[in-house]
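Analysis of the macromolecular model
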Amino acid sequence: MVLLASCVFAQASTSTLTSTRATPVSRPLDVRAIDVNAIDLKPDATGAVPPEQIRDLLRHAEEKDLENDKRLRDYTYIEREERHKLDGRSGEPGEVKKIESRTWEILEIYGEPVARLTAKDDKAPSAGEAKKEDEKIQKIIDKRKNESEDDRRKRLEKEEKGREEDRKFVLEVADAFNFRLLGSEALDGRDTWVLEGEPRPGYEPRSRDARMLSKFKGRVWIDKAEAQWVKLDITAIDTISFGFVLARIHKGTHILFEQIRVNDEVWLPKQVEIHLDARVALFKTYDEDIELIFHDYRKFRTDTKMTVLGEENREQ
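Attention here is on the structure that accompanies the text. (Residues numbered from 1 in each chain as written. Predicted model: local features only at pLDDT ≥ 70, side-chain atom pairs only at ≥ 80, totals over all residues. Heavy atoms only, no water.)

Moving on, we get to the pairing of strand E3 (residues 112-120). Bridge analysis of strand E2 (residues 96-109) against E3 gives eight bridges, and the strand direction is antiparallel. Looking at the pairing, Trp-104 lines up with Leu-117 of E3. Connecting the antiparallel pair E2 and E3 is a turn made up of two residues, with Tyr-110 showing a positive phi of about 50 degrees. (Pairing = 2+ DSSP bridges. Helix = DSSP H or I, 4+ residues; strand = E, 2+ residues; numbered from the N terminus.)

Here's what the structure looks like:
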């Protein structure tokens with residue numbers, strides 16, 4: 001879901017922009033050649049912001065987000081997940097019938113993120129659970145330590161191929177929607193542009209995964225000073241099926257995703273809220289409200305001075 005939220009949205013709506021049924025062809029964009037301070041969204045004579053201005057901004061933000069993902073590997077952090085299981089019926093909001101929580105410390109071991117469970121329902125894991133976590137981590141360390149050069153090369157090539165596929169998908173987002181600038185808004189003391197959008201009618205996706213983009217609409221907040229996306233608010237407007245109805249995400253599923261600036265160098269996840277309405281294999285249903293909180297980012301691969309997030313950020 002976090003990957004879906006980070007990839008799916010850089011949208012805005014058709015209401016003030018001329019919609020086209022032809023697939024737009026993006027011109028090459030070298031984000032390194034763009035002066036962030038020079039980026040601005042200026043309405044034309046009709047009062048609408050030209051679509052290409054917004055697409056360039058969004059594609060710039062998407063490129064920078066891919067760089068953020070790389071830099072995340074330089075940090076350890078704490079992730080807490082809280083699930084509110086609901087008993088909704090007939091499409092009505094359900095009452096909470098059960099609350100579960102898990103807390104993990106996210107480590108980087110030989111370039112691989114590894115989650116170590118530190119609490120269940122805000123209680124320390126049992127001795128048996130703690131032992132399993134230690135054994136899991138040791139198994140990964142031993143595997144990587146004894147990895148042959150050939151196996152390492154193949155693993156890295158596979159990872160790079162996956163990242164390239166993700167990149168193609170993310171950069172396609174800016175073309176898959178029509179955009180409208182709603183205005184400006186201050187978030188955590190920083191000025192942002194607020195964009196709203198819907199899928200572009202008749203858009204032909206260039207990658208398989210991009211076919212799901214037509215199933216979403218929402219808003220994105222982009223930091224004016226750094227052209228980084230700060231907040232995403234996404235709603236499913238149609239049912240999404242995976243693997244011949246092996247799994248379905250139903251209309252109305254909602255994702256709210258926020259990022260925070262860390263160490264004056266990178267934007268990293270702060271909070272994710274998900275209302276999930278889904279069915280798996282036609283038997284298992286999920287009607288849940290899920291909240292993920294990320295905090296205590298600590299850099300461990302550089303001597304650069306680190307700024308620890310304040311208590312107000314940890315509690316958000």
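Burial analysis of strand E10 (residues 254-262) places seven of its nine residues in the buried class, which makes it a mostly covered element. In this structure, strand E7 (residues 229-236) lies alongside E10, joined through five bridges in antiparallel fashion. From the neighbouring strand, Asp-233 faces E10, where its bridge partner is Leu-256. Inspection of the sheet shows E10 paired to strand E11 (residues 266-280) by nine bridges, in the antiparallel sense. Bridge assignment links His-254 to a residue of E11, and that residue is His-275. (Buried < 20%, exposed > 50% of the residue type's maximum accessible area, 1.4 Å probe, protein only.)

Attention now goes to the pattern of salt bridges. Enumeration over the complete set of coordinates arrives at 30 salt bridges. With a closest N to O distance of 3.9 Å, Arg-73 and Asp-69 form a salt bridge. Judged by its relative accessible area of 24%, Arg-73 is partly exposed. Since its relative accessible area comes to 41%, Asp-69 is described here as partly exposed. (Salt bridge = Lys/Arg side-chain N within 4 Å of Asp/Glu carboxyl O.)

The next subject is the packing of aromatic side chains. If you walk through the whole model with that rule in mind, you get four aromatic pairs. Centroid distance Tyr-77 to Tyr-297: 5.1 Å. Interplanar angle 40 degrees. Geometry classified as tilted. Of this pair, Tyr-77 sits in strand E1 (residues 75-86) while Tyr-297 is found in strand E12 (residues 284-299), placing the two residues 220 residues apart along the sequence. Take Tyr-77: its relative accessible area is 11%, and that puts it in the buried class. With a relative accessible area of 0%, Tyr-297 lands in the buried category. Feature note: the residues Tyr-75, Tyr-77, Phe-294 and Tyr-297 constitute an aromatic cluster, connected by ring pairs. (Phe/Tyr/Trp six-rings, centres within 6.5 Å; stacked < 30°, edge-to-face > 60°.)

On the secondary structure map, Glu-291 appears in strand E12. Given a relative accessible area of 28%, Glu-291 falls into the partly exposed group. In this structure, the C-alpha to C-alpha distance between Glu-291 and Arg-80, residues 211 residues apart in sequence, is 8.0 Å. Apart from residues lying up to four places away in sequence, Glu-291 is in contact with Arg-80, Glu-81, Glu-82, Gln-271, Val-272 and Glu-273. Side chain to side chain, Glu-291 and Gln-271 meet in a polar contact 3.1 Å long. (Contact = heavy atoms within 4.5 Å. Polar contact = N/O pair within 3.5 Å; in protein donor to acceptor, adjacent residues only side chain to side chain.)

Take the side chain of Thr-253 next. With respect to the element layout, Thr-253 can be found in the loop between strand E9 (247-249) and E10. From its side chain, Thr-253 meets the backbone nitrogen of Asp-277 in a polar contact 3.3 Å long. If we ignore the near neighbours within four places in the chain, the residues touching Thr-253 are Ile-234, Thr-235, Ala-236, His-275, Leu-276 and Asp-277.

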